[in-house]
Amino acid sequence: SLSIDDDLINRAHHVAWAGGVLELDQASLAAATAPTTPPPAGTLASVPMTANDLAGFLPEVLLAIDPSAILTLELEAGLPPVFEVRGAPDLAQLSLAELYLSVYADEGSGPKLLTTLALSLKVSVSFDWTPNGLIVASAQFAEVSVDVIAEPVVKIGFEKLRIALGLLVPPLVPKALN
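Visitor: Give me the lowdown on the overall build of the protein chain, citing residues and values where you can.
Guide: From N to C terminus, the protein chain includes 4 helices and 6 strands. Its helices and strands in sequence order give the protein chain the pattern α-β-α-α-β-β-β-β-β-α, from N to C terminus. Counting the 178 residues in the protein chain, one finds 25% classified as buried. Summarising the internal contacts of the protein chain: among those between residues at least 6 apart in sequence, 57% fall at separations of at least 24.

Structure, rendered in structure tokens:
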């Protein structure tokens, strides 16, 4: 039997948050996780994200910036994550509030802020003990909220943004947790 003390986990989350572990930018993350050999040509890891990639979800972006502008992301946690033991069927709930995602576009003259989103996520999780250790067996969103808090370059339609994030974010969470 495995028992989990949510106070211990929350203290660890607080220390990680206070130490800046939850503040990520795309360049630092890429440098920290860079493979010793370049990724194969044509793979997602070898191609930077451009404004044209984002235009599939938010076409109004192309009204303000060049389609070939390179996009970079920054993530900052305004509050530490909170872990709550719940019981069956999902063992726990992980809450992330005030998670700020900033998107920058660089058309060659340096990055400029495209938008900043405030995200709040609640994810129900269950765990499994395997020969490789403890893994997240399932993760499903219980709640997602999004607010546009900065849009200096282009006005983004909130409903389109909600739909885009609804398509993009859910498949990424289980992968990020494992």
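Visitor: Could you give an account of helix H1 (residues 6-18), naming the residues involved and the relevant values?
Guide: Spacing of three or four residues puts side chains on the same side of an α-helix, whose turn is 3.6 residues. Relative to the 18 Å expected for 13 residues at 1.5 Å per residue, H1 spans 18 Å between its end C-alpha atoms, a close match to the ideal helical length. Phi turns positive, to about 85°, at Gly20, one or two residues after H1.

Visitor: Report on the confidence of the model for the protein chain, specifying residues and quantitative values.
Guide: Summing up the model confidence of the protein chain, the mean pLDDT is 75 and the portion of residues at 70 or higher is 71%. Taken as a whole, residues 42-46 scores under 50 in pLDDT and shows 4 contacts with residues more than four places along the chain or in a different chain.

Visitor: Describe the pattern of salt bridges, listing the residues and the values that go with them.
Guide: A side chain with one charge can pair with a side chain of the opposite charge if their charged atoms come near. The tally for this structure, following the rule as stated, stands at 1 salt bridge. Notably, a salt bridge pairs Lys112 with Glu107, separated by 3.0 Å at the nearest N-O pair.

Visitor: How would you summarise the environment of Pro111 if you had to cite specific residues and measurements?
Guide: Position of Pro111 relative to the elements: it lies in strand E5 (residues 111-130). Accessibility expressed as a relative area gives 56% for Pro111, which makes it exposed. Between the C-alpha atom of Pro111 and that of Leu71, which follows or precedes it by 40 residues, the distance is 8.3 Å. If near-sequence neighbours (up to four positions away) are discounted, Pro111 is found in contact with Tyr104, Ala105 and Asp106.

Visitor: Help me get a handle on the nonpolar core, residues and values and all.
Guide: Val61, Ile65, Leu71 and Leu114 are the most contacted members of the largest nonpolar core, which has 20 residues in total. For this core, the secondary structure elements donating two or more residues are helix H3 (51-55), strand E2 (70-77), strand E4 (92-106) and E5. Those residues within four positions of Ile65 in sequence are excluded, and the remaining contacts are Ala51, Leu71, Ala105, Glu107, Lys112, Leu114 and Val153. Ranked by size, the runner-up nonpolar core spans 5 residues in total, among them Phe83, Ala92, Leu94 and Val123.

Visitor: I'd like a description of the pairing of E4, backed by residues and values.
Guide: With 8 bridges joining them, E2 and E4 adopt antiparallel strand pairing. Looking at the pairing, Thr72 lines up with Tyr104 of E4. Summarising the sheet, strand E3 (residues 82-85) and E4 pair through 4 bridges and their orientation is antiparallel. In the strand pairing of E4, Glu84 is matched with Gln93.

Visitor: Describe the environment of Ile156, listing the residues and the values that go with them.
Guide: Among the structural elements, Ile156 can be located in the loop between strand E6 (133-150) and helix H4 (158-177). Given a relative accessible area of 6%, Ile156 falls into the buried group. For the pair formed by Ile156 and Leu58, sequence separation is 98 residues and the distance between their alpha carbons is 7.4 Å. Setting aside residues no more than four positions away along its own chain, Ile156 makes contact with Leu58, Glu60, Thr115, Glu151 and Leu161.

Rules behind the numbers
- For every chain, the first residue of its written sequence is number 1, and the numbers climb from 1 along that sequence.
- Residue-level local features of this predicted model are given only where pLDDT is at least 70; pairs of side-chain atoms are given and counted only at 80 or more, and the full residue set underlies all totals for whole chains, interfaces and linings.
- Side-chain metrics in this entry use all non-hydrogen atoms of the structure; hydrogen atoms and water are not considered.
- In this text, helices come from DSSP runs of H or I with a minimum length of four residues, and strands from runs of E with a minimum of two, each type numbered from the N-terminal end.
- Only protein chains enter the accessibility calculation, which uses a 1.4 Å probe. A residue is then buried if its area is under 20% of the maximum for its type, exposed if over 50%, and partly exposed in between.
- The contact criterion used throughout is that any non-hydrogen atoms of two residues lie within 4.5 Å.
- A helix is expected to span 1.5 Å multiplied by its residue count minus one.
- Known as pLDDT, the predictor's confidence for each residue is given on a scale from 0 to 100.
- Put simply, a salt bridge is a Lys or Arg side-chain nitrogen that is within 4 Å of an Asp or Glu carboxyl oxygen.
- Take the buried residues of types Ala, Val, Leu, Ile, Met, Phe, Trp, Tyr and Cys, join any two whose side-chain atoms come within 4.5 Å, and each joined set is a nonpolar core.
- DSSP calls a pair of strands paired once it identifies at least 2 bridges connecting them.

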